[in-house]
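Here is how the chains run, residue by residue.
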Amino acid sequence: MKSTAMITPGLARDLAALGRLGEDTSTERVLRGLTTALAAGVPGCSGASAEHWRDHRVLVSGSHSELIMLVEGERALGEGPSVEARQSGARAVVADVLNEPRWPRYDALASRWGVRSVLVVPIDVAPALLLVGLYSVRPGAFSPQGAHSLADMLTEQVGVAMANMWEFEEVRTDAAQLQEALAGRSVIDQAKGIIMQTSGCTAEAAFEELRKISQHHQVKVADLARLLVDEHQRKSKR
């Protein structure tokens with residue numbers, strides 16, 4: 001019982017829901033849902049943060065704006081449990097910031113926001129690293145046994161959510177690129193028609209003319225075709 005003290009049915013349900021996809025699916029949405037679920041579902045947890053590290057860039061989310069400022073302040077100081085967890089790849093625990101000798105500057109910053117105990121769990125979701133932070137206003141809120149079970153659940157559920165999100169974003173990107181390609185083909189066909197109408201040439205000759213001009217001016221054929229179509233439409237309106 002003690003090993004699962006940090007996991008409640010509501011938390012398990014909310015974490016599982018992170019993997020559901022929708023039109024508004026994004027990294028920001030997943031992180032926001034994660035921090036909200038942890039703050040509401042982990043016994044003794046007063047708030048949560050999430051740092052999404054990828055290609056040396058970080059996206060920070062938090063259940064409370066104060067925790068976002070705490071995380072960013074910790075990064076500026078270069079010391080604290082999140083910094084330690086990122087460097088070591090292991091969980092970092094602060095039982096009581098008032099009795100923590102490792103990071104005095106972080107302790108002062110955390111106590112200013114009313115934080116007494118902290119648990120940071122690193123989750124490897126290649127190609128990204130996720131640092132999940134839990135905060136409590138009372139000392140000793142996060143037991144080692146409970147932290148182990150929670151870390152296992154977070155690794156599984158958040159890993160699935162991130163994998164689903166990246167696959168969804170890839171499909172969405174491919175669809176947008178296909179739509180852009182189809183739109184480009186349409187405008188090229190319109191430009192070819194304009195050239196054929198004005199010069200009496202074939203479709204092949206019209207495209208070759210577009211290609212030569214695009215190479216000369218170092219612009220894409222689709223962009224050149226769009227300019228030609230826009231100019232033709234403006235002249236027609238006159």
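It should be noted that the structure appears before, not after, this text.
I will try to describe carefully the structure that is included in this document.

Scoring rules and cut-offs
- Residues numbered from 1 in each chain as written.
- Predicted model: local features only at pLDDT ≥ 70, side-chain atom pairs only at ≥ 80, totals over all residues.
- Heavy atoms only, no water.
- Helix = DSSP H or I, 4+ residues; strand = E, 2+ residues; numbered from the N terminus.
- Expected span 1.5 Å × (residues − 1).
- Buried < 20%, exposed > 50% of the residue type's maximum accessible area, 1.4 Å probe, protein only.
- Arc of directions from axis to C-beta.
- Contact = heavy atoms within 4.5 Å.
- Polar contact = N/O pair within 3.5 Å; in protein donor to acceptor, adjacent residues only side chain to side chain.
- Pairing = 2+ DSSP bridges.
- Axes fitted to C-alpha atoms, helices over the stretch in contact; angles between N-to-C directions.

Along its 17 residues, helix H8 (residues 221–237) runs 24 Å from first to last C-alpha, staying within 8% of the 24 Å computed at 1.5 Å per residue. Within H8, the full set of buried residues consists of Val 221, Leu 224, Ala 225 and Val 229. An end-on view of H8 places all buried positions within 135° of arc, on one side of the element. Projecting away from the buried face of H8 at angles above 90 degrees are the exposed residues Leu 227 and Lys 237.

Another point: the side chain of Ser 61. Tracing the backbone through its elements, the reader meets Ser 61 in strand E2 (residues 57–62). According to the relative accessible area criterion, Ser 61 is buried, its value standing at 11%. Excluding anything up to four places from it in sequence, Ser 61 contacts Leu 31, Arg 32, Thr 35, Ser 49, Ala 50 and Ile 68.

Structurally, the position occupied by Ser 117 is in strand E4 (residues 117–125). The class for Ser 117 is buried, based on a relative accessible area of 1%. When the C-alpha atoms of Ser 117 and Ser 46 are compared, they prove to be 9.9 Å apart, with 71 residues separating the residues in sequence. When residues no more than four places from it in sequence are discounted, the contact partners of Ser 117 are Val 94, Ala 95, Leu 134, Tyr 135, Ser 136, Arg 138, Pro 139, Gly 140, Ala 141 and Phe 142. A polar contact of 3.5 Å, which involves the side chain of Ser 117, links it to the backbone nitrogen of Ala 141.

The set of residues buried in helix H5 (residues 104–112) consists of Tyr 106, Asp 107, Leu 109 and Ala 110. Projection of H5 onto a plane perpendicular to its axis shows the buried side chains occupying an angular sector of 165°, all on one side. Facing away from the buried surface of H5 by more than 90 degrees, the exposed residues are Pro 104 and Arg 112.

Looking now at the pairing of E4. Of all nine residues in E4, eight are buried, a share of seventy percent or more. Across three bridges, the pairing between strand E3 (residues 92–94) and E4 is antiparallel. Across the sheet, residue Val 94 finds its bridge partner in E4, namely Val 118. What sits between E4 and strand E5 (residues 128–136) in their antiparallel hairpin is a turn of two residues.

The strand order E2-E1-E5-E4-E3 describes an open sheet built from five strands, whose pairing is antiparallel. Two strands close off the open sheet at either side, each with one partner strand: E2 and E3. The sheet shows a mean angle of 15° between the axes of neighbouring strands, taken without regard to direction. Across nine bridges, the pairing between E4 and E5 is antiparallel. Counted as the bridge partner of Leu 119 is Leu 134 from E5. Lying on the sheet, helix H2 (residues 27–41) is in contact with strand E1 (47–54), E2 and E5; it crosses E1 at an angle near 150°.

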